[in-house]
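Residue-level structure breakdown
Each chain, written out:
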Amino acid sequence: MNNPAVKMVQDNPIKAGDRLFLIDGSGFIFRAYHALPALSRQSDGLPVGAVSGFCNMLFKLREELKSETQPTHIAVIFDAGSVTFRNEIYTEYKAHRPPPPEDLIPQFSLCREATQAFGLKSIEMAGYEADDLIATYAKYASQMGAEVRIYSSDKDLMQLVDQNIYMIDPMKNKVIQREQVFEKFGVYPESVIDVQALTGDSTDNIPGVPGIGVKTAAQLIHEYGDLENLLKNAEQIKQKKRRENILEYAELAKVSRELVTLKQDVPVEVSLVEMELRDISPDDVLPFLEKMEFNTLTKRVRAKLGQSGHNIEASAHIAAPLQQDLFGGASVNPVLEAKDNIYQSITDIEALEAYIKEIEKTGYVAFDTETTGLEIASAELVGIALSHKAGEAVYIPLQHKTEDKQIPLEDALQLLRPVLSAPHILKIGQNLKYDLSIMARYDVDITPIDDTMLLSFAMRGGKHRHNMDELSQIYLDHTPISYESVCGKGKQKITFDYVLLDQATSYAAEDADITLRLWHIFSHDVIAQKRKNFYEMIERKMPHIVASMERNGIAVDSRSLEEISERFGLESEDIAQKIYDISGKEFNIASPKQLGEVLYDHMGLEVPGKKKTTATGQAATGVDVLEGLAAEGHEIADYILKWRGLQKLKSTYADSLVDHINPKTGRVHTSFNLTGAATGRFSSSDPNLQNIPIKTEEGRLIRQAFIPKEGYKILSADYSQIELRLLAHIADVPMLKEAFAKGEDIHARTASEVFGVPIDAIDSSLRRKAKAVNFGIIYGISAFGLARQLKIPQSEAKHYIDTYFERLPQIKHYMDVTKERAKQQGYVETLYGRPIYIKDIQTRNYMQRSFAERAAINAPIQGTAADVIKLAMIDVYKYLMRHSNIKMLLQIHDELLFEVPEGEIALFSEKVKTIMEAAPLKRHNLTVKPIVEVGCGKNWDEAH
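Computed from a predicted model, the values in this text were never measured in an experiment.

Comments concerning the overall build of the chain
Scanning the chain from terminus to terminus reveals 39 helices and 22 strands. A compact globule built from 944 residues would reach a C-alpha radius of gyration of about 30 Å, and the chain, at 30 Å, matches this within 12%. Seen through its principal axes, the chain has C-alpha atoms that stretch 90 × 80 × 65 Å. Of all 944 residues assigned to the chain, the portion counted as buried reaches 54%. In the chain, the proportion of contacts linking residues at least 24 apart, taken out of those at least 6 apart, comes to 69%. Of the accessible surface of the chain, which amounts to about 40700 Å², a share of 49% is contributed by carbon and sulfur atoms. A gap of 4 Å separates the mean positions of the 110 positive and 133 negative side-chain charges of the chain.

Following this line, the structure appears as structure tokens:
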């Protein structure tokens, strides 16, 4: 049925074949604000960081609107205010949401102004949320046969997906259609609101039914059809607690359903005719950008307008910027000169043979793979892109289902293997570890390599991100073709093997070309900045090693995880009951508002030195407040902290790890981000295995689920107190050096020095305090932070820190010198030469500057520890090349995890300890010897 709300303002209805793009403007603003550092307009200090990011998003979006996918109608939808009709339905709706940050508030109106400056319609409506407006326009356009794209990652909008409507997640550049909705909720779009009604949403304070998660809700909806039928037949539910909760909270479930249901009949005031796409006017956009003082973006926009009249389109070539800071003077590097690119496909053996001969003459080639997906254990190779000359690149289709004429896979690989493994030909790539793993499955060894992502990271860690899009924008002033524009078009997302050859060639060849251009810049720059030795010593060797670990994966016991999940669920219920018993009432523990009411209004608790409300007027129920209450002996606070921890472990690990088991290998294959932290530390994702608690019983249970294959054991090799040892060396602290040399308990020795007690008289309480100071100092801990951690008065904590610096003045000197160095040059360095740029080190904002100073103090120590574990991985990997039956599985901070045949445990334990302890000493003369502790067992916990 057509939507009367839209028809009332519709002069000419949208028709079949039209394309409506709806952009979640508020989502774009918050994404820009949180993703980018603070930025102020130089002339008057006005905050404009979010506006800058928002403008860059709009500019990039408009550039990506190619002719074949260009919308006929487009609009940016904003939230008009915090109060909507939903507050009349449920007064506590979004009640505990804090207001926007103060520096963001003045930027909202500027983002609306930016929208209009870029030639887009800006829409909002009091009393309704942006999602309701999007729903109204989208459903009407869909009913009329138009194609609708919604640019948002908001899960609430997934209920709108139908045969004509799909979403684009701008964070992940991912298309969301019916199957992706099912992956998220376990049901298709038409049942999403029933699942959300049961699960609720703590962020928006939608109550739902306690104890019902997404998986359980989906199972119930599959079994009963919909929420209404479920509530009618709730007495039939076998699980007692679940049955009781659904019966008790049935009315709240109905209210929740009403809250999550998007209105599709908003009496909108802006017609679809007003959304018709129009060109950008230089008279609108340039004055706005100049007023904002966005000089770089102004130049880019002015250049694009000059190339294509008044309409911004993606240019056919990359305009090279002046390389003044890289090459000196104002001359343009010849390999980067702007010209028309030549991108071609190779579909016969003779042409490939000829191209390989050209590569052999050049001595280097940029290399990139295209595959059917991102899972290294299951993705299939579709094609290979190569470039040995800037502005020219080729794409070799191998397994496209859309092409008859292409070189058979094995024939092409037989020709490519020699050149891709030739020691005299350099292979250049961007984030090569993925390509290495894919090609290894086809028995192709890619060596030697240069990785542009890691070249950039080795020079400018912490300064900016190092993905191809970011590097291309910064150094080539070019926005690459997006993966979504090639594989996400139309109503059905496709894998790369279904992409037409012309499109595949443009996309893949451009990636290889951009990679080669970046390499030409970075290969000069890394020498000019004297970072080549560091890059060669550490970063250049990481892709092969990490790709090997990712391919190895690690086995997990799914049955054990299911038991752990059930145990955590039952324990959570028991703890919740204790919370209810202590408080004298039942409430939603996950709701800060309800929790605050119980703690402060109902129970009358007070936190010394703490306010009961935040700056926004909301109940203060954060970790620091709860720890303060616990310190005062309020048992309920301990239980709440325990309940929160269990909930997080259950959802993050016990429930989700099973979903990450690869069906082909039966193992979990995490992905390591080699540039995840400015300090050089890896981060891991899908799943994240680096944040499993080590010391808690619950964390140990999770680790017990990680097991070796039959006939093997898990072996753990872990650097002991590496950061304290590095602090002793870097700050040149005689007391710490002496204690480590003698093998003393470093925390007992520190306690003896600070508290003036003989070392043999130190009790566990004093040792615990000294340990907190030792590790806290590394992170620039304050007296307030130490007091909270030790649950002591702040004056006492300050006395400990002051005494610590009196007894170990070299550490205070190191801290002062390091902060000053960071302010002068913008970065600090590790012992092995890694630069770590420190954002906000010179800002006038006290809080941001203080945080930056603490980061500067910690970075050389944590960064050097990151270098140490990488050096160990390099040397251990060399050993494992000769012992292929032993597998390196994971790197978790200062720990390496291996799968070792039971008969080789004793020999390898001794060998890995020797290699790891020697690795950092071979590259730097450390005055404090690193110590490695080795353990083994039938699971990760037993080995640690």
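Observations regarding the pattern of salt bridges
A full pass over the atoms with the stated rule returns 61 salt bridges. In this structure, Glu753 engages Arg749 in a salt bridge whose closest nitrogen and oxygen atoms are separated by 3.2 Å. Placement of both Glu753 and Arg749 in helix α32 (residues 746-755) is noted, with a separation of four residues, approximately one turn of the helix. According to the relative accessible area criterion, Arg749 is buried, its value standing at 11%. Bridged by salt links that share partners, the residues Glu738, Lys742, Glu744, Arg749, Glu753 and Arg807 form one connected network.

Focus on the pairing of strand β21 (residues 895-901)
Each regular strand displays side chains that alternate between the two surfaces of the sheet. Among the seven residues that make up β21, seven are buried, leaving the element largely enclosed by the rest of the structure. Neither face of β21 is left uncovered, since the one carrying Glu895, Leu897, Glu899 and Pro901 and the one carrying Leu896, Phe898 and Val900 both have all their residues buried. Note that strand β17 (residues 712-719) and β21 share seven bridges and pair antiparallel. The residue bridging Asp718 from the neighbouring strand is Glu895, located in β21. Across five bridges, the pairing between strand β20 (residues 887-892) and β21 is antiparallel.

Some details on the sheet that holds strand β4 (residues 147-151)
The six strands lie next to each other as β3-β2-β1-β4-β5-β6, forming an open sheet whose pairing is mixed. Looking at which strands have only one partner, the edges of the open sheet turn out to be β3 (121-123) and β6 (174-176). In this sheet, neighbouring strand axes are inclined to one another by 25 degrees on average, regardless of whether the strands run parallel or antiparallel. Sheet topology note: the strand β1 (residues 19-24)/β4 ladder contains five bridges and is parallel. When the bridges of β4 are listed, Arg19 appears paired with Glu147.

Re helix α34 (residues 783-790)
Within the span of α34, buried status applies to Ala783, Gly785, Leu786, Ala787 and Leu790. On its buried face, α34 is in contact with α33 (764-778) and α35 (794-807). Lys791 sits one or two positions beyond α34 and adopts a positive phi of about 60 degrees.

Details of the packing of helix α25 (residues 558-583) against helix α28 (residues 635-654)
Across the interface, α25 lies against α28 with an axial gap of 9 Å and an inter-helix angle of 155 degrees. One way to sum up the angle between α25 and α28 is to call them roughly antiparallel. For the pair α25 and α28, the crossing hand works out as left-handed. Residue composition of the contact of α25 with α28, grouped by class: 15 nonpolar, five polar and five charged.

Side note on the confidence of the model for the chain
With 92% of its residues at a pLDDT of 70 or more, the chain shows a mean pLDDT of 86. Predicted confidence is poor over residues 307-339, with pLDDT under 50, and the contacts of this stretch with residues over four places away or in other chains come to 66 contacts.

What to know about the nonpolar core
The biggest cluster of nonpolar side chains holds 137 residues, and the ones touching the most others in it are Ile811, Met888, Phe898 and Met916. In terms of residue count, helix α37 (residues 846-880) provides more of this core than any other element does, 13 residues in total. Beyond its immediate stretch of four places on either side in the chain, Met916 contacts Ala717, Tyr719, Ile869, Ala872, Val876, Leu896 and Val932. The next biggest cluster of nonpolar side chains, apart from the first, holds 56 residues, and it includes Ile123, Ile176, Ile212 and Ala250.

Some words on the environment of Arg278
When you line up the elements, Arg278 lands in the loop between α12 (250-260) and α13 (282-292). On a C-alpha basis, the gap between Arg278 and Ile661 in space is 48 Å, while along the polypeptide they are 383 residues apart.

Observations concerning the packing of aromatic side chains
For the structure shown, the criterion picks out 19 aromatic pairs. With a centroid separation of 5.7 Å and 50 degrees between ring planes, the pair formed by Phe21 and Tyr151 is classed as tilted. Residue Phe21 is located in strand β1, and its partner Tyr151 is located in strand β4; the two are separated by 130 residues in the primary sequence. Side by side, Phe21 and Tyr151 carry an identical accessibility label, which is buried.

Here we look at the sheet that holds strand β11 (residues 426-429)
Spatially, β7-β10-β9-β8-β11-β12 is the arrangement adopted by the six strands of the open sheet, whose pairing is mixed. Across the chains shown, the open sheet's two edge strands, defined by having one partner strand only, are β7 (342-345) and β12 (449-451). Each strand of the sheet is rotated relative to its neighbour by a mean of 25 degrees, with strand direction disregarded. Strand direction decides the pairing type here: strand β8 (residues 364-371) and strand β9 (residues 381-389), joined by six bridges, are antiparallel. Each residue of the ladder has a partner; that of Glu370, found in β9, is Gly383.

As for the environment of Ser378
Take Ser378: it is sitting in the loop between β8 and β9. Considered as a pair, Ser378 and Thr665 are 287 residues apart in the sequence and their alpha carbons are 9.0 Å apart. Contact partners of Ser378, with chain neighbours within four places excluded, come to Arg441, Asn662 and Lys664.

Examining unusual backbone geometry
Cis geometry is found at the peptide bond from Thr447 to Pro448, where omega equals -10 degrees. If you trace the backbone, Pro448 turns up in the loop between α18 (433-440) and β12. For the peptide bond that leads from Asp686 to Pro687, omega is 0 degrees, which places it in the cis range. Within the fold, Pro687 resides in the loop between β15 (683-685) and α29 (697-704). With a phi angle near 60 degrees, Asp443 is a residue other than glycine that sits in the positive phi range. Considering the arrangement of structural elements, one finds Asp443 in the loop between α18 and β12. The backbone of His893 sits at a positive phi, close to 60 degrees, despite the residue not being glycine. Mapped onto the secondary structure, His893 falls in the loop between β20 and β21.

A look at the packing of α32 against α33
Between two packed helices, what matters for the description is the angle formed by their axes and the separation of those axes. Where α32 meets α33, the axes come as close as 8 Å, and the angle between the chain directions of the two elements is 95 degrees. One finds that α32 runs roughly perpendicular with respect to α33. Here Ile746, His747, Ala748, Thr750, Ala751 and Phe755 of α32 come into contact with α33, specifically with Leu766, Arg767, Lys769, Ala770, Lys771, Asn774 and Phe775. Of the residues that constitute the contact of α32 with α33, the class distribution is seven nonpolar, three polar and three charged.

The rules we used
- Residues numbered from 1 in each chain as written.
- Predicted model: local features only at pLDDT ≥ 70, side-chain atom pairs only at ≥ 80, totals over all residues.
- Heavy atoms only, no water.
- Helix = DSSP H or I, 4+ residues; strand = E, 2+ residues; numbered from the N terminus.
- Rg over C-alpha atoms; globule rule 2.2 N^0.38 Å.
- Buried < 20%, exposed > 50% of the residue type's maximum accessible area, 1.4 Å probe, protein only.
- Contact = heavy atoms within 4.5 Å.
- Areas by Shrake-Rupley, 256 points an atom, 1.4 Å probe, with all protein chains shown as cover.
- Lys, Arg positive; Asp, Glu negative; His and termini not counted.
- Charge placed at Lys NZ, Arg CZ, Asp CG, Glu CD.
- Salt bridge = Lys/Arg side-chain N within 4 Å of Asp/Glu carboxyl O.
- Pairing = 2+ DSSP bridges.
- Axes fitted to C-alpha atoms, helices over the stretch in contact; angles between N-to-C directions.
- Parallel < 35°, antiparallel > 145°, perpendicular 65-115°, else oblique.
- Left-handed = near helix turned anticlockwise from the far one by under 90°.
- Nonpolar A, V, L, I, M, F, W, Y, C, P; charged D, E, K, R; others polar.
- pLDDT = per-residue confidence, 0-100.
- Core = buried A, V, L, I, M, F, W, Y, C linked by side-chain atoms within 4.5 Å.
- Phe/Tyr/Trp six-rings, centres within 6.5 Å; stacked < 30°, edge-to-face > 60°.

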